[in-house]
Amino acid sequence: MALRCWRWWHWSAWPRSRPPPSGSTPSRSRTPLGFCQQFSTQEQTPQICVVGSGPAGFYTAQHLLKHHPRACVDIFEKQLVPFGLVRFGVAPDHPEVKNVINTFTQTARSDRCAFHGNVVVGTDVTVPELREAYHAVVLSYGAEDNQALEIPGEELPGVFSARAFVGWYNGLPENRELAPDLSCDTAVILGQGNVALDVARILLTPPEHLEKTDITEAALGVLRQSQVKTVWIVGRRGPLQVAFTIKELREMIQLPGTRPILDPADFLGLQDRIKEVPRPRKRLTELLLRTATEKPGVEEAARQASASRAWGLRFFRSPKQVLPSADGRQVAGVRLAVTRLEGVGEATRAVPTGDVEDLPCGLVLSSIGYKSRPIDPSVPFDPKLGIIPNVDGRVMNVPGLYCSGWVKRGPTGVITTTMTDSFLTSQILLQDLKAGQLPSGPRPGYAAIKALLSSRGLGPMGLACLFLGLGEAGC
Ligand SMILES: Cc1cc2nc3c(=O)[nH]c(=O)nc-3n(C[C@H](O)[C@H](O)[C@H](O)COP(=O)(O)OP(=O)(O)OC[C@H]3O[C@@H](n4cnc5c(N)ncnc54)[C@H](O)[C@@H]3O)c2cc1C
């Protein structure tokens with residue numbers, strides 16, 4: 001039986017959420033000291049709102065609350081529940097990564113912080129409306145769109161984005177009905193980043209090991225019936241360019257009941273080139289090289305010989321077409337263009353040689369990256385980079401509007417990277433506040449937004465309301 005207590009524990013442990021009673025002053029009524037009563041234009045209470053409750057939103061809020069003694073922060077989130085990809089992205093067998101939730105919970109416990117779930121900014125309330133209600137608005141809504149493969153056959157049943165697959169096993173409501181068919185023998189994952197390895201690991205982990213995690217019961221049931229025996233993880237470039245990290249690779253190598261398939265030919269000449277690369281890349285490549293070329297010890301050889309499942313890395317292959325089954329109703333394979341590398345260092349590009357190779361499979365998961373989407377026409381957006389154009393977190397040409405996290409710098413980097421950049425955005429915002437560059441005079445904050453949402457027949461949810469199974473009106 002999978003344990004999922006932490007999901008509920010965190011909801012129930014969430015300390016507040018009863019919104020200020022209607023008719024109360026526009027200032028906040030939730031602090032025992034009633035700090036908003038000291039509200040004056042000289043000694044202002046900065047009303048700040050953050051859009052998105054992932055790591056970027058929470059780290060921005062944390063820094064603002066810590067470094068300004070009166071700042072009030074409202075976090076708006078479109079899902080019913082907070083924490084973004086920490087809840088719906090991070091793999092269930094990596095519970096230690098989810099420990100950041102404890103820090104976020106501390107932040108939310110502040111009397112000067114409030115979480116408003118079930119509010120889709122850009123739809124339920126616009127960014128100009130938020131800017132009107134608050135002194136500053138920070139956009140931290142992540143990068144939810146997937147890069148499309150843009151190849152024929154991409155729409156065939158059996159082709160999914162890895163992100164949707166992850167959302168499915170992590171309980172993201174919009175992916176609940178994904179129903180991936182795991183009755184095939186072989187799965188292909190396109191992309192060689194950590195998400196690709198997460199997905200491969202979940203597909204190949206003995207289900208009884210996942211029972212101890214908070215994976216959804218529905219996903220666990222499907223994984224118990226899975227017939228997938230081989231997972232290919234395909235990259236356009238070579239072993240020196242993989243985007244996953246050593247921890248995730250080591251987990252794959254040691255995954256119970258599986259053996260790695262690496263082609264020593266892919267590693268020819270690599271030994272010499274390793275010397276030139278930075279240390280983390282060097283250690284990662286050495287591990288790959290050892291796994292591909294060294295004969296395993298007796299114990300490891302026995303382990304591999306008894307393995308019933310396998311995973312393999314295929315290099316220098318770029319997806320060209322998803323191949324249909326004979327009846328055209330299902331994926332049956334992927335046509336890969338063989339590539340070679342051109343250029344050096346960061347500029348290394350994979351170019352097709354003209355050769356192709358067909359890889360039979362019944363499941364294709366695309367893990368080639370993400371991009372943010374524009375959520376409001378009033379906010380500048382760079383469609384090419386898929387981010388909000390900004391300088392150090394200040395949104396270009398829109399005073400009082402900021403951004404942090406993946407929507408600010410693009411969808412790369414782990415939670416600690418997101419933390420650092422969110423702290424920077426918050427610092428910049430506080431600098432602007434000090435320099436008098438944010439709107440002066442009081443702002444109504446949440447009271448104004450609440451009235452707007454009510455007038456539209458919408459009610460945000462706080463955590464306690466959710467726990468009781470009530471909407472805001474019922475609290
Ligand atoms: C599958 C996957 C696994 C990962 N695993 C790890 C890992 O193990 N370790 C690690 O360090 N990093 C991991 N990462 C990276 C990490 O998750 C990111 O660095 C981090 O989540 C980015 O934070 P963010 O707040 O910018 O975005 P997100 O976490 O995506 O948060 C954005 C939030 O904004 C909300 N939102 C979106 N649109 C709106 C809207 N219109 N209105 C209101 N709210 C909105 C979303 O619902 C979401 O809650 C993983 C990433 C992925 C994709």
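Here the structure is a predicted model, which means the values were calculated and not measured.

1. Brief notes about the overall build of the protein
Right, so step 1: A tally of regular secondary structure across the protein gives 17 helices and 18 strands.
Right, so step 2: Out of the 475 residues belonging to the protein, those deemed buried represent 53%.
Right, so step 3: Here the protein has roughly 21,400 Å² of accessible surface; of this, 55% comes from carbon and sulfur atoms.

2. Things to note about the packing of aromatic side chains
Right, so step 1: Evaluated as defined, the whole model comprises twelve aromatic pairs.
Right, so step 2: With centroids separated by 5.7 Å and ring planes inclined at 90°, the aromatic side chains of Phe-165 and Tyr-169 adopt a geometry described as edge-to-face. In this pair, Phe-165 and Tyr-169 are both assigned in helix 6 (residues 162-170), four residues apart and thus about one turn of the helix distant.
Right, so step 3: One aromatic cluster in this structure is built from Phe-58, Tyr-59, Phe-83, Phe-104 and Phe-423.
Right, so step 4: Here the guanidinium or amino end of Arg-163 rests over the ring plane of Tyr-370, the centre of that ring lying 4.6 Å away.
Right, so step 5: Positioned above the aromatic ring of Trp-232, the side-chain terminus of Arg-314 is 4.8 Å from the ring centre.

3. Considering the packing of helix 6 against helix 7 (residues 194-204)
Right, so step 1: Following both chains from N to C, one finds helix 6 and helix 7 inclined at 50°, their axes separated by 10 Å at the closest point. If you check the angle between helix 6 and helix 7, you find them oblique. Helix 6 and helix 7 meet at a crossing whose hand is left-handed. Together, Ala-162, Phe-165, Val-166 and Tyr-169 of helix 6 and Val-195, Asp-198, Val-199, Ile-202 and Leu-203 of helix 7 make up the contact between the two elements.
Right, so step 2: Its residues assigned to classes, the contact of helix 6 with helix 7 comprises eight nonpolar, no polar and one charged.

4. Comments concerning the pattern of salt bridges
Right, so step 1: Inspection of the entire model under this criterion finds 21 salt bridges.
Right, so step 2: Its salt-bridge partner being Arg-314, residue Glu-357 comes within 3.0 Å of it at the nearest N-O pair. In this pair, Glu-357 is assigned in strand 13 (residues 349-360) and Arg-314 in strand 10 (residues 309-314), connecting sequence segments 43 residues apart.
Right, so step 3: A residue is classified by how much of its surface remains accessible, and Glu-357, at 19% relative accessible area, is buried.

5. Notes on the side chain of Thr-230
Right, so step 1: Locating Thr-230 in the fold gives a position in strand 8 (residues 230-234).
Right, so step 2: Contact partners of Thr-230, with chain neighbours within four places excluded, come to Asp-185, Thr-186, Ala-187, Ile-261 and Ala-310.

6. Observations regarding the UniProt feature "binding site: FAD" (unreviewed entry) in the protein
Right, so step 1: Sequence positions flagged by UniProt for "binding site: FAD" (unreviewed entry) are, in local numbering, Ala-56, Glu-77, Leu-85, Val-121, Trp-406, Gly-413, Val-414 and Ile-415.
Right, so step 2: In this structure, Trp-406 is in contact with Leu-85, Gly-142, Ala-143, Arg-163, Tyr-370, Ser-372, Ile-387, Pro-411, Thr-412, Gly-413 and Thr-418, ignoring residues within four places of it in sequence.
Right, so step 3: A distance of 3.3 Å separates a polar side-chain atom of Trp-406 from the backbone oxygen of Thr-412.
Right, so step 4: Among the secondary structure elements, Ile-415 is positioned in helix 15 (residues 415-434).
Right, so step 5: Leave out the neighbours within four places in its chain, and Ile-415 touches Pro-55, Tyr-59, Val-86, Val-90, Val-97 and Val-100.

7. Quick notes on the environment of Glu-357
Right, so step 1: For the pair formed by Glu-357 and Lys-320, sequence separation is 37 residues and the distance between their alpha carbons is 9.6 Å.
Right, so step 2: Other than its neighbours up to four places away in sequence, Glu-357 contacts Arg-314, Arg-317, Val-334, Arg-335 and Leu-336.
Right, so step 3: Among the polar contacts made by the side chain of Glu-357, one reaches the side chain of Arg-314 at a distance of 3.0 Å.

8. Side note on the site of the ligand
Right, so step 1: Around the ligand sit 34 residues, and of these Ala-56, Glu-77, Trp-406, Gly-413 and Ile-415 come closest.
Right, so step 2: One of the backbone nitrogen or oxygen atoms of Leu-85 is found 2.9 Å away from an oxygen atom of the ligand.
Right, so step 3: A distance of 3.1 Å separates an oxygen atom of the ligand from a polar side-chain atom of Thr-418.
Right, so step 4: Protein chains bury 93% of the 1,000 Å² of accessible surface belonging to the ligand in isolation.
Right, so step 5: When contributions to the shell around the ligand are tallied by element, the ones reaching two or more residues are helix 2 (55-67), helix 3 (84-88), helix 6, helix 7 and helix 15.
Right, so step 6: Here the residues of the shell around the ligand sort into 18 nonpolar, eleven polar and five charged.

Calculation notes
Residues numbered from 1 in each chain as written. Predicted model: local features only at pLDDT ≥ 70, side-chain atom pairs only at ≥ 80, totals over all residues. Heavy atoms only, no water. Helix = DSSP H or I, 4+ residues; strand = E, 2+ residues; numbered from the N terminus. Buried < 20%, exposed > 50% of the residue type's maximum accessible area, 1.4 Å probe, protein only. Areas by Shrake-Rupley, 256 points an atom, 1.4 Å probe, with all protein chains shown as cover. Phe/Tyr/Trp six-rings, centres within 6.5 Å; stacked < 30°, edge-to-face > 60°. Lys NZ or Arg CZ within 6 Å of the ring centre and 35° of its normal. Axes fitted to C-alpha atoms, helices over the stretch in contact; angles between N-to-C directions. Parallel < 35°, antiparallel > 145°, perpendicular 65-115°, else oblique. Left-handed = near helix turned anticlockwise from the far one by under 90°. Contact = heavy atoms within 4.5 Å. Nonpolar A, V, L, I, M, F, W, Y, C, P; charged D, E, K, R; others polar. Salt bridge = Lys/Arg side-chain N within 4 Å of Asp/Glu carboxyl O. UniProt positions renumbered as here; feature names shortened; annotations may be inferred. Polar contact = N/O pair within 3.5 Å; in protein donor to acceptor, adjacent residues only side chain to side chain. Near = heavy atom within 4 Å.

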